Amino acid sequence: MTIQRILCSAAVTALLLSACKLMPKEENKQTETTGSYPSFITQSNIYEVNVRQYTPEGTFKAFEAHLPRLKEMGVEILWFMPITPISEVDRKGKLGSYYAVQDYTAVNPEFGTLDDWKNLVNKAHELGFKVITDWVANHTGADNRWIKSNPDFFVKKADGTLAFAFDWSDTRDLNFANPLLHDSMINAMKYWLTETKIDGFRCDVAGEVPRSFWQHCIAELKKTKPDIFMLAEADVAWIHDAGFNASYGWDGFAKMKKVANGEASAKLLDTSLMKLEETFVPGAIKMYFTSNHDENSWNKADYATMPGAVHAPFAVLSQTWKNTLPLIYSGQEEPFLDSISFFYKDTIAFAKFERAAFYKTLLTLRKNNPALAVDASYQKLVSSNDDAVYSYLREKNGRKVFVVLNLSGAPQTVTIKGNFGGEADNIFAGKKEKLNDGQQFALAPWGYAVYSY
């Protein structure tokens, strides 16, 4: 009997039991309390893996060779883009989109077998990594097996054909008004937790899936894995109330790009934190980044949005900012200065790893200094030129991290006010320095300094 049939058989019983049940109104009582998250993300980081493009082979087995290197760089959480089979109907390009899911409980043969995936997860765990995979709950591919087995799982247009959003013609929208869909989706997610021992999910377009589903889903998944990590591709406040541990820092990234391109002063970044404080639950964790698969493939990040030396201060910001759980995308450590194709084979050329030491310095600091924990305090500091220089102080358990960023293409000499005085390690200069409150700093264009106490 195939894995799919075994799962289907087990799922049918559960589905029949719940067929006539609606989502209970008191469901939100099962959600986690504000600030609750698995302890392993407290001072951690995320690395997004594009398996197809990572190696010439584009397989799980080929990627395994990179695990020791990523461990040495300081990576802790590996996020794998969807590993499920890709639909063939209405497929875009030669290979199709990872996000057009043909079968929620199978492995994309392009990448290898289920055993190959299990072996990769096991080896990653042995090295101390956590592993999460992309989950596409909003829509399926155009020939997903549910279209035949459960046609009422899908949204239909007036003419009876299945609907899809935007220009996503290779997908079909799911109908979350159907409670049986909820159970089937949750069962499929539990399968990956129990069968392959992954540690959580990054949920694609999570904000387009009903809040009631996520409340029920996350509560149920926690029964299987209490310390599950749930990351939402969304930048809306309710996503945290629904039970997600972290959400995308889209607003912060959009403002970083404006500053990087000279369209706004460094002060614009403060408005993003104001939005976070005013609309999100206290302590809401945000995943900040300078690139990801969408931004790289469609918007030329980071090689054009933050070109050359411009990248570094914003990478420092994403790694050290308030409430951040930072992301690095495949190839950024090289750096691979091109878009990585979405629908075709387009191998990342790894050779020099010119940013690897830079990232290792930041990731090591995050791991070793609790002042960069997601729950550490944050204080914006005032400089004599806040239009160009962005500075702040993080503190926790008597430890500090002091960050100074020149977010302009001109050299800056500024005086900074704040309680940052004392002996500190200048982590990029590799030396100790005596700092005085209110002292002057000279920064090169797009220059930066990070001090650890």
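Residues numbered from 1 in each chain as written. Predicted model: local features only at pLDDT ≥ 70, side-chain atom pairs only at ≥ 80, totals over all residues. Heavy atoms only, no water.

### Some remarks on the confidence of the model for the protein
Link 1 in the chain: Residues with a pLDDT of 70 or more make up 92% of the protein, whose mean pLDDT is 93.
Link 2 in the chain: A low-confidence stretch, residues 1–35 (pLDDT under 50), is modelled with 37 contacts involving residues beyond four sequence positions or located in other chains. (pLDDT = per-residue confidence, 0-100. Contact = heavy atoms within 4.5 Å.)

### Regarding empty space enclosed by the protein
Link 1 in the chain: According to the stated counting rule, one finds 4 cavities of 30 Å³ or more in the structure shown.
Link 2 in the chain: The space that makes up the largest cavity amounts to roughly 80 Å³.
Link 3 in the chain: Lining the largest cavity are Pro82, Ile83, Thr84, Val101, Tyr104, Thr133, Asp134, Trp135, Val136 and Trp192.
Link 4 in the chain: Of the residues forming the lining of the largest cavity, the biggest block, 3 residues, is contributed by strand β3 (residues 130–135).
Link 5 in the chain: Partitioned by chemical class, the residues of the lining of the largest cavity number 7 nonpolar, 2 polar and 1 charged. (1 Å grid on protein atoms, 1.4 Å probe; cavity = no way out; pocket = protein on both sides within 12 Å on 5 of 7 lines; lining within 4 Å. Points joined across faces, edges and corners; volume = space filled by probe spheres on them. Helix = DSSP H or I, 4+ residues; strand = E, 2+ residues; numbered from the N terminus. Nonpolar A, V, L, I, M, F, W, Y, C, P; charged D, E, K, R; others polar.)

### Structural notes on the sheet that holds strand β14 (residues 412–417)
Link 1 in the chain: Pairing in this open sheet of 8 strands is antiparallel, and the strands run β16-β15-β18-β13-β12-β11-β14-β17 from one edge to the other. Edge positions in the sheet fall to β16 (431–435) and β17 (440–443), since each has one partner strand and no second. The mean angle between the axes of side-by-side strands here comes to 30°, regardless of whether they run parallel or antiparallel.
Link 2 in the chain: With 5 bridges connecting them, strand β13 (residues 399–406) and strand β18 (residues 448–452) associate as antiparallel partners. If you follow Phe402 over to β18, its bridge partner there is Tyr451. (Pairing = 2+ DSSP bridges. Axes fitted to C-alpha atoms, helices over the stretch in contact; angles between N-to-C directions.)

### A look at helix α7 (residues 179–196)
Link 1 in the chain: For α7, spanning 18 residues, the distance from its first C-alpha to its last is 26 Å, which sits close to the expected 26 Å at 1.5 Å a residue.
Link 2 in the chain: In terms of residue burial, α7 counts as a mostly covered element, since 14 of its 18 residues are buried.
Link 3 in the chain: Backbone geometry just downstream of α7 places Lys197 in the positive-phi region, at approximately 65°. (Expected span 1.5 Å × (residues − 1). Buried < 20%, exposed > 50% of the residue type's maximum accessible area, 1.4 Å probe, protein only.)

### Some thoughts on the layout of surface pockets
Vacant regions in the atomic arrangement are exposed by a probe of water-molecule size rolled over the atoms.
Link 1 in the chain: Each pocket or cavity is described by its volume, and for the largest pocket that value is around 480 Å³.
Link 2 in the chain: Lining the largest pocket are 24 residues, and of these His139, Trp168, Asp204, Val205 and Asp294 sit closest to its centre.
Link 3 in the chain: In terms of residue count, helix α12 (residues 293–299) provides more of the lining of the largest pocket than any other element does, 3 residues in total.
Link 4 in the chain: Each residue belonging to the lining of the largest pocket can be placed in one class, and the counts come to 11 nonpolar, 5 polar and 8 charged.

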